[in-house]
Amino acid sequence: MGYRTLKACVDDLAAAGKLLRIEAEIDPRLEAAEIQRRVYAAGGPALYFARVNGCRFPLVANLFGTLERARFLFRDTLDAVQKLIELKLDPLAGARRPWQYLPAARAALHMRPRFVRSGPVLQQQCRVSELPQIVSWPRDGGPFITLPQVYTEDPDRPGWQHSNLGMYRIQLAGNRYRPDAEVGLHYQIHRGIGVHHAAAIRRGEPLRASVFVGGTPAMTLAAVMPLPEGMSELSFAGALAGHSIPLTARAGLPPVYAEADFCIVGRISDRQLPEGPFGDHLGYYSLEHDFPVLEVESVWHRPEAIWPFTSVGRPPQEDTTFGALIHELTGPVVPTLVAGVRAVHAVDAAGVHPLLLAIGSERYVPYAAGRQPRELLTQANALLGQGQLSLAKYLLIVAGDDAPGLDIHDIAGFFRHLLERVDWRRDLHFQTRTTIDTLDYSGTGLNEGSKLVIAAAGEPQRTLPTELPRDLQLPPGLDQPRLGPVPGVLVSHGRPFAPDAAGDDPFLASALSELGGIESLRAFPLLVVVDDSELASRSLANWLWVTFTRSNPAVDVHGIEPSIEHKHWGCRGPLVIDARVKPHHAPPLESDPEVVRRVEALAARGGPLHGVI
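Please read these numbers as outputs of a predicted model, since none were measured by experiment. (Residues numbered from 1 in each chain as written. Predicted model: local features only at pLDDT ≥ 70, side-chain atom pairs only at ≥ 80, totals over all residues. Heavy atoms only, no water.)

A. Structural view of the sheet that holds strand E2 (residues 46-49). One open sheet holds the four strands; their spatial order is E1-E2-E3-E18, and the pairing between them is mixed. The strands lining the two open edges of the sheet, one partner per strand, are strand E1 (19-22) and strand E18 (307-309). Within this sheet the neighbouring strands show an average axis-to-axis angle of 20°, counted without direction. Alignment of E2 against strand E3 (residues 59-61), held across three bridges, turns out to be antiparallel. Bridge pairing in E3 links Leu47 to Ala61. Lying over the sheet, helix H2 (residues 31-41) contacts E2, E3 and E18, oriented at roughly 160° with respect to E2. (Pairing = 2+ DSSP bridges. Helix = DSSP H or I, 4+ residues; strand = E, 2+ residues; numbered from the N terminus. Axes fitted to C-alpha atoms, helices over the stretch in contact; angles between N-to-C directions. Contact = heavy atoms within 4.5 Å.)

What follows is the structure in structure tokens.
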């Protein structure tokens, strides 16, 4: 059941016709990542790079390139893990239908790691510089490990039961890191490793850490699972892998995953060095900032080791599949987290954390006429207190009672439902000077920005327009208006953002006052001002990405005829979101043209990628 090694996984995919072996020599700088992204976009196979320029280790990529292939990888265990989750939700289900839950019982037997004296990963050693030096984007600060499994234990409570296995990016070289002696460790806020690191700093000691690469794909998925603090990812990995995860207890080393392909062992002190830039999953670079340093003690690898990697960028990318598979596994748990919440959806096209949709309930006063959000606000606050959901920048929540068939994954339908019902005078709830995702540069600083909850309940208040008014004339500087991909949304080009000494754009303030006098505009509940209205309106994915990654609610959300009542801001409408690029925003990701030409040559007739991309 399941794969014990990455090689077993690669061999199985090859036998099933789901893997392409590339014998041509590939450059780890930009070229390998460009190939992976292009093949992913085409829905292509997993990739095995047999020859890597300047490196003796082969690469494998795009293992999780499609949801169908991800399910294939875990076909022997996925049902058992889902049954385990069902038992967590309803412990008596096993007593009522014991035979149905036998797979869950077998999976539970594998949730405790198995300790061994040694393992294949400790058979050979090398230096950091001998590892594959994958660079994904032209402005990246150096090579990175993009599928690491970083293992730490709680210094106050040592042992695997209080361990954390997380996917925190590792910069192998560049910047001011001492070659082969130091690597960068970038972990964002609200990550389990931060709790362990804080305890180590308080105790005045370094934090021992092991960085695993490869092994069973179950360990990779476990490293990105949003498990509750204190629950070991090793338990989940064992259930999903179909076998107990083997850990070594070799003297002088922290616990090491014995079946990993590679392992970097080191210590994390309170010292920091600049890390980055790095082309990230919001579609922009995360810039250079100080982050912890892992002081390398040793680098290990198994014989015939294979290096797995991915490339992230503007969604969708391979990590989109992680999110989809995690939703399949954990979706049923959501209603148990917050009473009344029926479903949540972190929108991948918007970069995940910038936009969270939720369907809740309105049960507080069911007898009242003219319902308005009440319980929804309680549920919204509770959601923003749940793990990584706390990083949501825009949380849009509606009452499922108003439309029992509403599908949380029908994003256009969700927006249509909300925009028909929302009252901008009442339903906007800001949180200012708070934390946002580390990778989101729309805020006022690293991890700093604002949030906006929009809650809508009740009967429709308006009919959403689906055509541009013939007499629509926008103020100078606002032009090229287009219908958005959702009824009721107007997208307009705005002149480039030009801040004054206070950081505000006088043009927009003037335009807002003029917009109030345009009667035909009032039919649209939402106007989004962008740099390129054709791009932003071309597709739903474009509109979501532009609107929600390029705006900071407390700064960039405006309205026609605004008012403040008892410190509550609202407007008579339309709501206006300024989603233009600002000077403090990070640059978007763009491929190197020469590398693109090389990859396209590989796709020509007779090339290894012909018919694939």
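B. Structural detail: helix H10 (residues 318-330). A rise of 1.5 Å per residue sets the reference length of H10, with its 13 residues, at 18 Å; its end C-alpha atoms lie 19 Å apart and thus fit the reference within 8%. Buried residues of H10: Glu318, Thr320, Thr321, Phe322, Leu325, Ile326 and Leu329, and no others. (Expected span 1.5 Å × (residues − 1). Buried < 20%, exposed > 50% of the residue type's maximum accessible area, 1.4 Å probe, protein only.)

C. Here's a closer look at the packing of H2 against helix H18 (residues 593-602). One can describe the packing of H2 onto H18 by two numbers: an axis separation of 10 Å at closest approach and a directional angle of 60°. Between H2 and H18, the interaxial angle falls into the category oblique. Pair H2 / H18 crosses with right-handed handedness. Where H2 abuts H18, its residues Glu31, Glu34, Ile35 and Arg38 lie against Val595, Val596, Arg598, Val599, Glu600 and Leu602. Looking at side-chain class alone, the contact of H2 with H18 contains five nonpolar, no polar and five charged residues. (Parallel < 35°, antiparallel > 145°, perpendicular 65-115°, else oblique. Left-handed = near helix turned anticlockwise from the far one by under 90°. Nonpolar A, V, L, I, M, F, W, Y, C, P; charged D, E, K, R; others polar.)

D. Expanded view of the nonpolar core. Counting residues in hydrophobic clusters, the biggest one holds 56 residues, and the most contacted among them are Phe74, Phe212 and Leu221. At six residues, helix H9 (residues 233-241) tops the list of elements feeding residues into this core. (Core = buried A, V, L, I, M, F, W, Y, C linked by side-chain atoms within 4.5 Å.)

E. Structural view of the sheet that holds strand E12 (residues 246-248). Reading across from one edge, E4-E12-E13 is the order of the three strands in this open sheet, with mixed pairing throughout. Of all strands in the sheet, those with a lone pairing partner are strand E4 (114-116) and strand E13 (256-257), marking the two edges.

F. A look at the pairing of strand E8 (residues 163-166). A two-sided burial pattern is seen for E8, the buried positions comprising Ser163 and Leu165 on one face and Asn164 and Gly166 on the other. Two elements, strand E7 (residues 149-153) and E8, share four bridges in a ladder whose sense is antiparallel. Within E8, the residue paired with Thr152 across the bridge is Asn164.

G. View of the packing of helix H8 (residues 217-224) against H9. As a packed pair, H8 and H9 sit with axes 8 Å apart at the nearest point and diverge in direction by 140°. When the interaxial angle is binned, H8 and H9 end up oblique. Where H8 crosses over H9, the two elements pack in a sense that is right-handed. In contact with Ala218, Met219, Leu221 and Ala222 of H8, H9 contributes Glu233, Leu234, Phe236, Ala237, Leu240 and Ala241. When its residues are assigned to classes, the contact of H8 with H9 shows nine nonpolar, no polar and one charged.

H. Expanded view of the pairing of strand E11 (residues 207-213). Within E11, six of the seven residues are buried, which leaves the element mostly enclosed by the surrounding structure. Examined bridge by bridge, E7 and E11 share three bridges and lie antiparallel to one another. Across the sheet, residue Gln149 finds its bridge partner in E11, namely Phe212.

I. Local environment of the packing of aromatic side chains. Per the stated rule, a full pass over the model turns up 15 aromatic pairs. Note on Tyr168 and Tyr187: the rings are 6.4 Å apart at their centroids and 65° apart in plane angle, and the pair reads as edge-to-face. Of this pair, Tyr168 sits in the loop between E8 and strand E9 (169-171) while Tyr187 is found in the loop between strand E10 (182-186) and helix H7 (192-203), placing the two residues 19 residues apart along the sequence. The residues Tyr168 and Tyr187 share a single accessibility class, namely buried. Here Phe415 and Phe548 contribute two aromatic rings whose centre-to-centre distance is 6.1 Å and whose plane-to-plane angle is 40°, an arrangement assigned as tilted. Placement of the pair is Phe415 in helix H13 (residues 411-421) and Phe548 in helix H16 (residues 540-549), with a sequence separation of 133 residues. By way of ring pairs, the aromatic residues Tyr394, Phe415, Trp543 and Phe548 are connected into one cluster. (Phe/Tyr/Trp six-rings, centres within 6.5 Å; stacked < 30°, edge-to-face > 60°.)

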